[in-house]
Amino acid sequence: MSRIPSFTDEQNLREKLRDVSLEHWLKEDLFSFNWWLLLAASILPFFIWWRLVDKGRLFEILAFGLLCAIFACFLDVVGLNFLLWGYPDKLFYFIPPLVPADFVVIPISGMLIYQYFNTWKSYAAAAVGLGILFAFIFEPLFSFLNMFVLINWKHTYSFIGFIIFFLGVRLLMQSLKRTAEKIK
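Given the structure is predicted, the values throughout are model-derived calculations rather than measurements.

## Points about the nonpolar core
In terms of nonpolar packing, the biggest core is built from 24 residues, with Trp49, Phe64, Ile106, Phe165 and Phe166 touching the most fellow members. Looking at this core, the elements with two or more residues in it are helix 3 (58-81), helix 4 (99-116), helix 5 (120-144) and helix 6 (155-183). Top element by residues in this core is helix 4. It accounts for 7 residues. Trp35, Leu38, Leu91 and Met147 belong to the second largest nonpolar core, which has 5 residues in total.

As structure tokens, then:
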């Protein structure tokens, strides 16, 4: 009968993974073209967003973006841990590689469609547009650059997932707004 791995066994593997990740990051990622691209994707969208955001609705729009970031991060961690996809390049070796997408690009894109498309019909169309953009343009581009690797996943799944994601976050946000208005 085989021995059940202990927490110590897991920790030993985490230490090895940490060391391998650091070495890979220092020798392969840091200052590479892909690293600079990740850095730009982590900073530049904020400048665009700041110029476009309706500052009169800033708190509401930021709350929407925060919900997007939380759910995107959670779903990405699940996908990574189930080996559905992977990210060969990292901006920082000690932070999961999903920071530029999950905390910048997806929330900012979501905040912009939330701000500009007020009806469900127009918002749903914009969500489909983002689904197409992310699943069939950005993902293949990042796959080509070896920054995103599909393991047990297809771009079509991402397309459907992005649509459900943006519709779900808007539904949650509207529900939270209605609840807050009732409390007043």
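## Observations concerning the packing of helix 3 against helix 4
Helices that pack against each other are described as a pair by the angle of their axes relative to one another and the distance between those axes. Close contact between helix 3 and helix 4 brings their axes to 8 Å; oriented N to C, the two are set at 135 degrees. Between helix 3 and helix 4, the angle falls in the class oblique. When you trace helix 3 past helix 4, the crossing you get is right-handed. In this structure, helix 3 uses Glu60, Ile61, Leu62, Phe64, Gly65, Cys68, Ala69, Ala72, Cys73 and Asp76 to contact helix 4, whose residues at the interface are Asp102, Phe103, Ile106, Pro107, Gly110, Met111, Tyr114 and Gln115.

## Here we look at the pattern of salt bridges
In this structure the tally under the stated criterion is 6 salt bridges. The partner of Asp19 in a salt bridge is Arg18, with the nearest N and O atoms 3.1 Å apart. Residue classification places Asp19 among the partly exposed residues on the basis of a relative accessible area of 44%. The closest approach of N and O atoms between Glu60 and Lys177, which form a salt bridge, is 3.0 Å. Here Glu60, found in helix 3, pairs with Lys177, found in helix 6; they are 117 residues apart in sequence, far enough to count as distant.

## A short note on the UniProt feature "transmembrane region" (unreviewed entry) in the chain
Per the UniProt record, "transmembrane region" (unreviewed entry) is annotated on residues 33-50, 62-85, 91-114, 126-151 and 157-173. Overall, residues 62-85 shows 83% helix and 4% strand. The separation of its end C-alpha atoms is 28 Å.

## Quick word on unusual backbone geometry
Its identity is not glycine, yet Phe31 carries a phi of approximately 70 degrees, on the positive side. The residue Phe31 is located in the loop between helix 1 (7-29) and helix 2 (33-52) in this model. Since its relative accessible area comes to 54%, Phe31 is described here as exposed. With phi around 55 degrees, Leu83 is a residue other than glycine that occupies positive phi space. One can find Leu83 in the loop between helix 3 and strand 1 (85-86). Of the residues examined, Leu83 reaches a relative accessible area of 52% and is grouped as exposed.

## Looking at the side chain of Asp29
Structurally, Asp29 is set in helix 1. It is Lys90 that comes nearest to the buried, bridge-free Asp29 among opposite-charge side chains, at 6.9 Å. For Asp29, the side chain forms a polar contact with the main-chain nitrogen of Lys90, separated by 3.1 Å. If sequence neighbours within four positions are ignored, Asp29 has contacts with His24, Trp35, Pro88, Asp89 and Lys90.

## Re the domain arrangement of the chain
Put simply, an interface is often sized by how much accessible area is lost when its parts join up. Looking at the chain, the domain boundaries give domain 1 (1-30) and domain 2 (33-183). Relative to domain 2, the C-alpha centre of domain 1 lies at a distance of 29 Å. The interface is formed by 7 residues belonging to domain 1 together with 7 residues belonging to domain 2. Approximately 620 Å² of surface area, both sides summed, lies buried where domain 1 meets domain 2, with 60% of it carried by carbon and sulfur atoms. For the pair domain 1 and domain 2, the interface holds 0 salt bridges. Our count for the contact surface shared by domain 1 and domain 2 stands at 4 residue pairs in polar contact (both at pLDDT 80 or more). The residue makeup of the side of domain 1 that touches domain 2, split by class, is 3 nonpolar, 2 polar and 2 charged.

Here is what the cut-offs are and how they apply
Residues numbered from 1 in each chain as written. Predicted model: local features only at pLDDT ≥ 70, side-chain atom pairs only at ≥ 80, totals over all residues. Heavy atoms only, no water. Core = buried A, V, L, I, M, F, W, Y, C linked by side-chain atoms within 4.5 Å. Buried < 20%, exposed > 50% of the residue type's maximum accessible area, 1.4 Å probe, protein only. Helix = DSSP H or I, 4+ residues; strand = E, 2+ residues; numbered from the N terminus. Axes fitted to C-alpha atoms, helices over the stretch in contact; angles between N-to-C directions. Parallel < 35°, antiparallel > 145°, perpendicular 65-115°, else oblique. Left-handed = near helix turned anticlockwise from the far one by under 90°. Contact = heavy atoms within 4.5 Å. Salt bridge = Lys/Arg side-chain N within 4 Å of Asp/Glu carboxyl O. UniProt positions renumbered as here; feature names shortened; annotations may be inferred. Lys, Arg positive; Asp, Glu negative; His and termini not counted. Polar contact = N/O pair within 3.5 Å; in protein donor to acceptor, adjacent residues only side chain to side chain. Domains from an automatic or database assignment. Buried area = accessible area lost by both parts, 1.4 Å probe. Nonpolar A, V, L, I, M, F, W, Y, C, P; charged D, E, K, R; others polar.

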